[in-house]
Amino acid sequence: MRQRPRQERDQQFEDQVLHNHDELLYVDLCHAMNSGDIGQVEASFLLWIYIFKATKKHKYAYHTARFMVQMRYIYPKDLQCMFLSMCYTLTGKYNTYRQLIQLNWLCNPTGRAFKFRPVDWLVEQNNLYTKVQCFYQ
């Protein structure tokens, strides 16, 4: 598309294609989160870092990249060993510290398929219900 001369290009079409690309990334991330696919959520982080940078959300980009590096390379083995007993009791098998963090990104409060939610969403929902109950009592 962009290899054509400027007079022959359709700017609105090019913008719409780029918008559709970004929308599909968002839909992919939402589907991965709803289904509880932590691997796909983590794989999509790299693309989101570039989007955050392009939209001048540098703090989001920095902290997402920092978190990815820590998950992959920084967390030491002795820290992993410290959590082995906790991981074993949660899942019935030994996991690493990285896997323990991944197991706590999403929760499924209903128990139904494709109803996973981020843990902070559940905390915020509980805060809302607490405020509403206090207001009406």
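In case you missed it, the structure is sitting above this.
All values derive from a computational prediction rather than experimental measurement.

Peer 1: Which parts of the structure should I look at to understand the layout of surface pockets?
Peer 2: Any empty space left between atoms is shown by rolling a water-sized probe over those atoms. Roughly 440 Å³ of internal volume is contained in the largest pocket. Around the largest pocket, the lining comprises 16 residues; the ones closest to its centre are Leu 29, Met 33, Val 41, Phe 45 and Pro 118. Elements supplying a minimum of two residues to the lining of the largest pocket: helix H1 (11-35), helix H2 (38-54), helix H3 (58-74) and helix H7 (119-136). Per element, the largest residue contribution to the lining of the largest pocket is five residues, and it comes from H2. Across the lining of the largest pocket, the residue classes break down as 14 nonpolar, one polar and one charged.

Peer 1: Explain the nonpolar core to me, please; I cannot follow it from the model alone.
Peer 2: Buried together is how nonpolar side chains tend to be arranged in soluble globular proteins. Formed by 15 residues in total, the largest nonpolar core has its most connected members in Val 41, Phe 45, Trp 48 and Trp 105. Listed by contribution, the elements that provide at least two residues to this core are H1, H2 and H3. With six residues, the top contributor of residues to this core is H2. Ignoring anything within four residues of it in the chain, the contact list for Val 41 reads Leu 29, Ala 32 and Met 33.

Peer 1: Honestly, the pattern of salt bridges in this entry has me stumped. Any pointers?
Peer 2: A side chain with one charge may pair with a side chain of the opposite charge, provided their charged atoms come close. This model, assessed by the stated rule, comprises one salt bridge. One salt bridge in this structure joins Glu 14 and Arg 9, with 2.9 Å as the shortest N-O distance. On the basis of relative accessibility, which here comes to 23%, the residue Arg 9 falls in the partly exposed class.

Peer 1: Teacher, can you tell me more about unusual backbone geometry here?
Peer 2: Where the residue is not glycine, phi is negative for most of them; where a peptide bond is considered, it is trans in most cases. Despite not being glycine, Lys 56 has its phi angle at roughly 65°, a positive value. Topologically, Lys 56 is positioned in the loop between H2 and H3. Overall, Lys 56 belongs to the exposed group, its relative accessible area being 66%. Phi is positive for Phe 114, which is not a glycine, with a value near 60°.

Peer 1: Could you clarify how one ought to interpret a nonpolar patch on the surface in this entry?
Peer 2: A cluster of nonpolar side chains, contributed by Leu 128, Tyr 129, Val 132, Phe 135 and Tyr 136, occupies part of the molecular surface with about 600 Å² of accessible area. Along the chain, Phe 135 turns up in helix H7.

Peer 1: Got a minute to help me understand the side chain of Ser 44 in this structure?
Peer 2: For Ser 44, the position within the fold is in helix H2. Engagement of the side chain of Ser 44 in a polar contact is seen with the backbone oxygen of Val 41, the distance being 2.8 Å.

Peer 1: Explain the packing of aromatic side chains here, please?
Peer 2: Centre-to-centre distance and the angle between the planes together describe a pair of aromatic rings. In the structure shown here, the tally under the stated rule is four aromatic pairs. Taking the centre distance of 6.1 Å and the plane angle of 45° together, the rings of Trp 48 and Phe 52 count as tilted. Placement of the pair is Trp 48 and Phe 52 together in helix H2, with a separation of four residues, close to one helical turn. Ring geometry for Phe 67 against Trp 105: centres 5.6 Å apart, planes inclined by 45°, an arrangement best described as tilted. Taken together, the positions of Phe 67 in helix H3 and Trp 105 in the loop between helix H6 (97-103) and strand S1 (106-107) put the pair 38 residues apart, joining distant regions of the chain. Under the relative-accessibility criterion, Phe 67 is labelled partly exposed at 24%. With relative accessibility at 17%, the residue Trp 105 sits in the buried group. Members of the aromatic cluster, each reached through a chain of ring pairs, are Phe 45, Phe 67 and Trp 105. Taking NZ or CZ as reference, Arg 117 lies 5.7 Å from the ring centre of Trp 121, over its face.

What counts as what
- Residues numbered from 1 in each chain as written.
- Predicted model: local features only at pLDDT ≥ 70, side-chain atom pairs only at ≥ 80, totals over all residues.
- Heavy atoms only, no water.
- 1 Å grid on protein atoms, 1.4 Å probe; cavity = no way out; pocket = protein on both sides within 12 Å on 5 of 7 lines; lining within 4 Å.
- Points joined across faces, edges and corners; volume = space filled by probe spheres on them.
- Helix = DSSP H or I, 4+ residues; strand = E, 2+ residues; numbered from the N terminus.
- Nonpolar A, V, L, I, M, F, W, Y, C, P; charged D, E, K, R; others polar.
- Core = buried A, V, L, I, M, F, W, Y, C linked by side-chain atoms within 4.5 Å.
- Buried < 20%, exposed > 50% of the residue type's maximum accessible area, 1.4 Å probe, protein only.
- Contact = heavy atoms within 4.5 Å.
- Salt bridge = Lys/Arg side-chain N within 4 Å of Asp/Glu carboxyl O.
- Patch = residues over 30% accessible without salt bridge, like charges linked within 9 Å, V, L, I, M, F, W, Y side chains within 5 Å.
- Areas by Shrake-Rupley, 256 points an atom, 1.4 Å probe, with all protein chains shown as cover.
- Polar contact = N/O pair within 3.5 Å; in protein donor to acceptor, adjacent residues only side chain to side chain.
- Phe/Tyr/Trp six-rings, centres within 6.5 Å; stacked < 30°, edge-to-face > 60°.
- Lys NZ or Arg CZ within 6 Å of the ring centre and 35° of its normal.

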